[in-house]
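Listed below are the residues making up each chain.
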Amino acid sequence: MNQMAKDTVEDAVEMNFSTAELQRYSRQINLSQVGKEGQRRLKEARVLCIGAGGLGSPAALYLAAAGIGTLGIVDQDTVDLSNLHRQLLHGTNDVGREKTDSARARLLAINPTIVVETYTTRLSAGNAVELIRNYDIVVDGSDNLPTRYLSSDVCVWERKPNIYGSVHQFEGQASLFAPHLGGPCYRCLFPEPPPPEAIPSCAEAGVLGVVPGLIGIIQAMEAIKLIIGTGDNLLGRLLHVDALTLRFREFNIRRDPNCPVCGESPSITEPIDYEQFCNHSNASTVQGISATKLHEMISRGQEIALLDVREPFEFEIARIPNSRLIPLGTIPDRLTEIPRTETTVVMCKSGVRSARAIEFLRGEGFENLLNLEGGLDAWREEVDPTMRKY
Ligand code: ZN
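On a predicted model such as this, the values are computed, not experimentally measured, just so you know.

Quick notes on the rules
- Residues numbered from 1 in each chain as written.
- Predicted model: local features only at pLDDT ≥ 70, side-chain atom pairs only at ≥ 80, totals over all residues.
- Heavy atoms only, no water.
- Donors = N, O, S within 2.8 Å, 3.2 Å for Na, K, Ca; no water.
- Tetrahedral: all angles 85-135°; square planar, octahedral: opposite > 155°, others 65-115°.
- Buried < 20%, exposed > 50% of the residue type's maximum accessible area, 1.4 Å probe, protein only.
- Axes fitted to C-alpha atoms, helices over the stretch in contact; angles between N-to-C directions.
- Helix = DSSP H or I, 4+ residues; strand = E, 2+ residues; numbered from the N terminus.
- Parallel < 35°, antiparallel > 145°, perpendicular 65-115°, else oblique.
- Contact = heavy atoms within 4.5 Å.
- Patch = residues over 30% accessible without salt bridge, like charges linked within 9 Å, V, L, I, M, F, W, Y side chains within 5 Å.
- Areas by Shrake-Rupley, 256 points an atom, 1.4 Å probe, with all protein chains shown as cover.
- Salt bridge = Lys/Arg side-chain N within 4 Å of Asp/Glu carboxyl O.
- Arc of directions from axis to C-beta.
- Domains from an automatic or database assignment.
- Buried area = accessible area lost by both parts, 1.4 Å probe.
- Polar contact = N/O pair within 3.5 Å; in protein donor to acceptor, adjacent residues only side chain to side chain.
- Pairing = 2+ DSSP bridges.
- Right-handed = clockwise from strand over helix to strand, strands pointing away.

Quick notes on the coordination of the zinc ion
Looking at the metal site, the zinc ion is ligated by C185 (SG), C188 (SG), C259 (SG) and C262 (SG), spaced 2.3 Å from it. In this structure, the zinc ion is coordinated by four donor atoms arranged in tetrahedral fashion, with angles at the metal of 93 to 119°. Summarised as a motif, the one-chain spacing of the donors to the zinc ion is C-x2-C-x70-C-x2-C. For C185, a relative accessible area of 0% corresponds to the buried category. C188 sits in the buried class, given a relative accessible area of 5%.

Observations concerning the packing of helix α13 (residues 291–299) against helix α16 (residues 375–382)
Two quantities define a packed helix pair, namely the angle between the helix axes and the distance between the axes. Contact geometry for α13 and α16: axes closest at 8 Å, N-to-C directions at 75°. In terms of their interaxial angle, α13 and α16 are classed as roughly perpendicular. Counted together, A291, T292, L294, H295 and I298 of α13 and A378, W379 and E382 of α16 form the full contact between these two elements.

What to know about a nonpolar patch on the surface
A grouping of F170, L208, V210 and L244 is seen on the molecular surface, where their side chains present a nonpolar patch of about 380 Å² in accessible area. Relative to the assigned elements, L244 resides in the loop between β7 (237–242) and β8 (247–252).

Digging into helix α4 (residues 35–44)
Every buried residue of α4 is accounted for by G35, G38, Q39 and L42. Projected down its long axis, α4 carries its buried residues within an arc of 100°, all on one side. Structurally, α4 contributes buried residues whose contacts are with α3 (26–29), α5 (56–66) and α11 (210–228).

Remarks on the domain arrangement of the protein
Its domain assignment divides the protein into domain 1 (31–277) and domain 2 (282–382). Computed over C-alpha atoms, the centres of domain 1 and domain 2 are 33 Å apart. Both faces considered, domain 1 and domain 2 share a buried interface measuring about 1,100 Å² in area, 65% of it formed by carbon and sulfur atoms. Among the residues of domain 1 in contact with domain 2, F190, E192 and F251 are the three that bury the most area, contributing 38% of the side total. The interface formed by domain 1 and domain 2 includes one salt bridge. Here E192 makes a salt bridge to R356, at a shortest N to O gap of 2.7 Å. For the pair domain 1 and domain 2, the number of links is one residue pair in polar contact (both at pLDDT 80 or more).

Points about the pairing of strand β4 (residues 137–140)
Side chains of β4 alternate between two faces, with I137 and V139 and V138 and D140 buried alike. Bridge analysis of strand β1 (residues 46–50) against β4 gives four bridges, and the strand direction is parallel. Residue pairing across strands places I50 opposite D140, the latter belonging to β4. Pairing geometry for β4 and strand β5 (residues 162–168), over three bridges, is parallel. Along β5, the bridge assignment pairs D140 with Y164. Each parallel crossover has a hand, and the one from β4 via helix α8 (residues 145–158) to β5 is right-handed.

Here it is as structure tokens:
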């Protein structure tokens, strides 16, 4: 036996890797940032992928190939022909099959040395805590808001990093939510869900298959970096990619000290009814104005103040010209900056936070406040289709 082969055998015994495993991961182990210790950590890691769809497919494929020892996959769906342009875990012959089933088969075909644990169910308020508790890291590839809020909340409570991804048409974004590591959670970014009618799904809006591919791989990469403990991660950063212009941008995001889940005095400490939370309609008595009407008034040169109550990173992504940013949480301290007599149109992404701002301001004696109905999403839809979507 030559020296190199002898080393390999000794390493294998020492690291609890077979020689085939050492060979499989050799290009990765050669990286000084990974090494045998990093590979051992990957093998001991347990990563839960929520969803085996557009994001979960590329994420799980790369995690399996990289040697994540135990991969969990949660998905309740069966494979549909319309999934296949982006959900590369599944093939044409899998149409009609449970996604967890075809996912397991494909992942083990790539790497039979790992363990794939599947859950053919929807992540729910009833099962999420127990499921997530069993893993080290969550890769959230869910395609709906109730699941996203649920997975983020449970990760906060269980102190697990939650790697977030979402896609829309040609755009995608990713981040790492981990309040226990100092970053924000999903709710810090989006305290209120937009009205259900404002959120088109992939089915309605369409998505270029490569986009979830890009984002899902970024999610996998973040998981691997966290496990081996190297590099800078997306904590406190929201990465945005526009595939049409192929531009990556990033926005600083902060933890909200008033966040109801990860804030200083949390009001939500166990799973809630997420469907209801995301489906509530804005039944407030706040007076509204449509985006089209506001545009007409501005075009006529009417004197109107525009108050945007979103977060700075959102303002940086998209805004209506001449609007003034005062984030919702800072309004109580900045009342003197808000006009008392002039008609003021208050806006946010979807009209929910701005309605809350108006309710608060009315209590402080402000009048002449109008809520931009449907928020900037409606403005994009009705007035300015070139406005960046997020
Ligand atoms: Zn939070």
